[in-house]
Amino acid sequence: MSLTQQLHDLAHRLGADRTGVCTADSFDAVAASIHDRVADGLHAGLGFTFKDPERSTDVRQSFPWAHRLFVVGRAYVPGAGSPGPIRPGSTRVARFATADHYAPLRACLDELAATIERAGYRAASVSDDDRLVDRAAAVRAGVGWWGKNTMVLAPDVGPWMLLGSVVTDAPLHVDPPMARSCGTCTACIPACPTGALDTAGVLDATRCLAAILQQPGVIPRRFRKAIGDRLYGCDDCLEACPPGRRRLESDGDGGRHEIVALLGMDDWSLLRRFEHFYVPKRRAGILRRNALVALGNVGNADEVPLLAGFLGHPVDLLRLHAAWAVGNIGGELAVSVLRAARSGERTPDVAAEIDLALIDARIGA
Ligand code: B12
Ligand code: SF4
Ligand code: SF4
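Attention here is on the structure that accompanies the text. These numbers come from a predicted model, not from an experiment.

### A few points about the overall build of the protein chain
- Along the protein chain, the regular secondary structure elements total 17 helices and nine strands.
- The dimensions of the protein chain, computed from C-alpha atoms along their principal axes, are 75 × 45 × 40 Å.
- For the protein chain, restricting intrachain contacts to residue pairs at least 6 apart in sequence, the fraction spanning at least 24 positions comes to 73%.
- Of the roughly 15700 Å² of accessible surface on the protein chain, 53% is carried by carbon and sulfur atoms.
- Taken together, the 41 basic and 42 acidic charged side chains of the protein chain have centroids lying 2 Å from each other.

### Description of the sheet that holds strand S2 (residues 68-75)
- Read from one edge of the open sheet, four strands run S1-S2-S7-S4, paired in antiparallel fashion. Strand pairing shows two members of the sheet lacking a second neighbour, strand S1 (18-23) and strand S4 (123-126), which therefore form its edges. Across the sheet, the axes of successive neighbouring strands diverge by a mean angle of 20 degrees, strand direction being ignored.
- Relative to strand S7 (residues 161-168), S2 runs antiparallel, the two being bridged by eight bridges. Note that in S7 the partner of Leu69 across the bridge is Val167.
- Sitting on the sheet, helix H1 (residues 3-13) is in contact with S1 and S2, with an inclination near 145 degrees to S1.

### With respect to the packing of aromatic side chains
- Applying the stated rule across the entire model yields six aromatic pairs.
- Their ring planes at 65 degrees and their centres at 5.2 Å tell us that Phe48 and Tyr278 sit as a pair that is edge-to-face. Taken together, the residues Phe48 in the loop between helix H2 (28-39) and helix H3 (53-56) and Tyr278 in the loop between helix H12 (267-273) and helix H13 (284-298) connect sequence positions 230 residues apart.
- Between Tyr232 and Phe277, the aromatic rings sit 3.9 Å apart at their centres with planes inclined by 5 degrees, giving stacked as the arrangement. Taken together, the residues Tyr232 in strand S8 (residues 230-232) and Phe277 in the loop between H12 and H13 connect sequence positions 45 residues apart.
- Ring pairing ties together the aromatic residues Phe96, Tyr232, Phe274 and Phe277, which thus form one cluster.
- Lying over the aromatic face of Phe27, Arg140 brings its terminal NZ or CZ to 3.8 Å of the ring centre.

### Some thoughts on the nonpolar core
- Counting residues in hydrophobic clusters, the biggest one holds 51 residues, and the most contacted among them are Phe274, Phe277, Leu311, Val326 and Leu338.
- Per-element accounting of this core gives the leading share, nine residues, to H13.
- In this structure, Phe277 is in contact with Val93, Ala97, Leu231, Tyr232, Arg282 and Leu287, ignoring residues within four places of it in sequence.

### A closer look at the site of ligand 2
- As a structural note, the neighbourhood of ligand 2 is formed by Cys192, Pro193, Thr194, Ala196, Leu197, Leu203, Cys208, Leu209, Cys234, Asp236 and Cys237.
- A breakdown of the residues in the shell around ligand 2 according to their chemical character gives nine nonpolar, one polar and one charged.

### Looking at the sheet that holds strand S3 (residues 90-93)
- Read from one edge of the open sheet, three strands run S8-S3-S9, paired in mixed fashion. Edge positions in the sheet fall to S8 and strand S9 (256-258), since each of these pairs with one other strand and no more. Averaged over all neighbouring strand pairs, the angle between strand axes comes to 40 degrees, with direction disregarded.
- Alignment of S3 against S8, held across two bridges, turns out to be parallel. Its bridge partner lying in S8, Arg92 is registered against Arg230.
- Packing against the sheet, H13 makes contact with S3 and S8, and its axis sits at approximately 165 degrees to S8.

### Observations concerning the site of ligand 1
- Ligand 1 sits among 39 residues. The nearest are Ser33, Thr49, Val152, Leu163 and Gly201.
- For ligand 1, an oxygen atom lies 2.8 Å from a polar atom in the side chain of Ser33.
- Measuring from a nitrogen atom of ligand 1, one finds a backbone N or O atom of Leu163 at 2.8 Å.
- Breaking the shell around ligand 1 down by element, the ones donating at least two residues are H2, helix H5 (134-140), S7, helix H7 (209-212) and helix H9 (236-239).

### Digging into unusual backbone geometry
- A cis amide bond links Val77 with the next residue in sequence, Pro78, at an omega value of 0 degrees.
- Tracing the sequence through the fold places Pro78 in the loop between S2 and S3.
- Of note, Ala44 is a non-glycine position whose phi angle comes to about 60 degrees, a positive value.
- With respect to the helices and strands, the residue Ala44 is situated in the loop between H2 and H3.
- The backbone of Asp128 shows a phi angle near 55 degrees, a positive value even though the residue is not glycine.
- Structurally, Asp128 can be placed in the loop between S4 and H5.

### So, the environment of Ala301
- Along the chain, Ala301 falls in the loop between H13 and helix H14 (304-310).
- Overall, Ala301 belongs to the partly exposed group, its relative accessible area being 44%.
- Counting along the chain gives 29 residues from Ala301 to Gly330, while the straight-line C-alpha distance between them is 7.6 Å.

### Focus on a nonpolar patch on the surface
- A cluster of nonpolar side chains, namely Leu356, Ile359 and Ile363, defines an oily patch on the protein surface of about 300 Å² accessible area.
- In this fold, Ile363 is placed in helix H17 (residues 348-364).

What counts and what doesn't
Residues numbered from 1 in each chain as written. Chains lettered and ligands numbered in written order. Predicted model: local features only at pLDDT ≥ 70, side-chain atom pairs only at ≥ 80, totals over all residues. Heavy atoms only, no water. Helix = DSSP H or I, 4+ residues; strand = E, 2+ residues; numbered from the N terminus. Contact = heavy atoms within 4.5 Å. Areas by Shrake-Rupley, 256 points an atom, 1.4 Å probe, with all protein chains shown as cover. Lys, Arg positive; Asp, Glu negative; His and termini not counted. Charge placed at Lys NZ, Arg CZ, Asp CG, Glu CD. Pairing = 2+ DSSP bridges. Axes fitted to C-alpha atoms, helices over the stretch in contact; angles between N-to-C directions. Phe/Tyr/Trp six-rings, centres within 6.5 Å; stacked < 30°, edge-to-face > 60°. Lys NZ or Arg CZ within 6 Å of the ring centre and 35° of its normal. Core = buried A, V, L, I, M, F, W, Y, C linked by side-chain atoms within 4.5 Å. Buried < 20%, exposed > 50% of the residue type's maximum accessible area, 1.4 Å probe, protein only. Near = heavy atom within 4 Å. Nonpolar A, V, L, I, M, F, W, Y, C, P; charged D, E, K, R; others polar. Polar contact = N/O pair within 3.5 Å; in protein donor to acceptor, adjacent residues only side chain to side chain. Patch = residues over 30% accessible without salt bridge, like charges linked within 9 Å, V, L, I, M, F, W, Y side chains within 5 Å. Salt bridge = Lys/Arg side-chain N within 4 Å of Asp/Glu carboxyl O.

Encoded structure:
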């Protein structure tokens, strides 16, 4: 059996749902798209592949001997757990992050790389890092097609797969791209709660909740209600996608956490609970900020005393989002705790947020 066939078989035995091989030539059209996104500000200041597009779209800059990419798509649904409808006081994590679903994919890639090395060639695993545009490799290798929500989709799995590649100098047999497309479907575009997919196939990361929940700093007011009960990630444009719907039907419960419990955790415990999340500089405050916004959306008057505690927190970012959360819950108690906080607030941005929250709270009262 050829080395190529051995790798396909091994990958499937190790849990891969889709595999394919392509050349390691540069992805010049993708480099141009990334430059366009950055020029238009649609990357929202994100790093990753936006930081050095030439490097990310030419794997030979990192591995000069690269000749082929063996690309793997591994489904994480069913198995990830579906958070189900909003439950008061609880927050949800997008399915790709309910556990470290990259771990089994990386283990599979490492095993494939070891097999290639045993056959006398060079090999290295790459997944979700800055050295390769994973989706472009998957499309070229026939693992799936590019959807209008920018995800790579495949029959049966839909968008519910994570991607990774083994870079190698082995002369593997190349696969053709998949002859499929979204056709006339446009379901993901109106499904996005913030209009981040207004142009099919172009994601405006400044409006994408998955990006907003990852980034540090103040969450713009206009996105806070749209965040709903989310803590991390967003699945709306994936849930809407017909090719992946059947997978969701057989998924169990998962991805839900009680917000009050999370807000009671110290930094170490919170970061430990979610150690597989991408959290810039491992700042627990980013997760707490998200939890406060979620509580403002799905909490009630019973949670106002807890939020009042955060109005006295030493970190401006948390006081500011707590003020919004209290205002969004509204009611008499909300008005009185916001008034008390306003009288002692010395930071102008937070004071301004409390003023706005008082207006919201009175409307809600
Ligand atoms: C930066 C990043 C993000 C950013 C920006 C995403 C984006 N769309 O650009 C943010 C934080 C928003 C994000 C969110 C998510 N991400 Co992300 N992310 C990445 C990362 C690190 C780089 C992506 C990138 O290079 N974007 C640059 C732009 C230019 O590329 P693009 O959007 O794919 O655009 C191309 C298409 O539009 C395309 N195109 C070309 N031909 C055609 C033809 C047609 C018909 C169409 C429609 C389009 C099209 O043109 C562009 C390139 O030329 C990759 C890992 C990696 N190293 O590749 C993971 C990755 C893309 N993310 C992944 C996942 C799982 C997610 C989330 C689902 C997580 C979640 N549930 O919250 C969401 C999905 C949001 C979405 N709809 O994309 C997976 C996607 C797997 C898959 N099956 O596609 C990846 C590949 C990680 C991995 N290794 O598995 N992510
Ligand atoms: S992940 Fe959510 S916010 Fe981002 S494009 Fe998809 S539906 Fe919109
Ligand atoms: S919802 Fe429809 S248009 Fe959007 S990615 Fe899925 S198949 Fe394509």
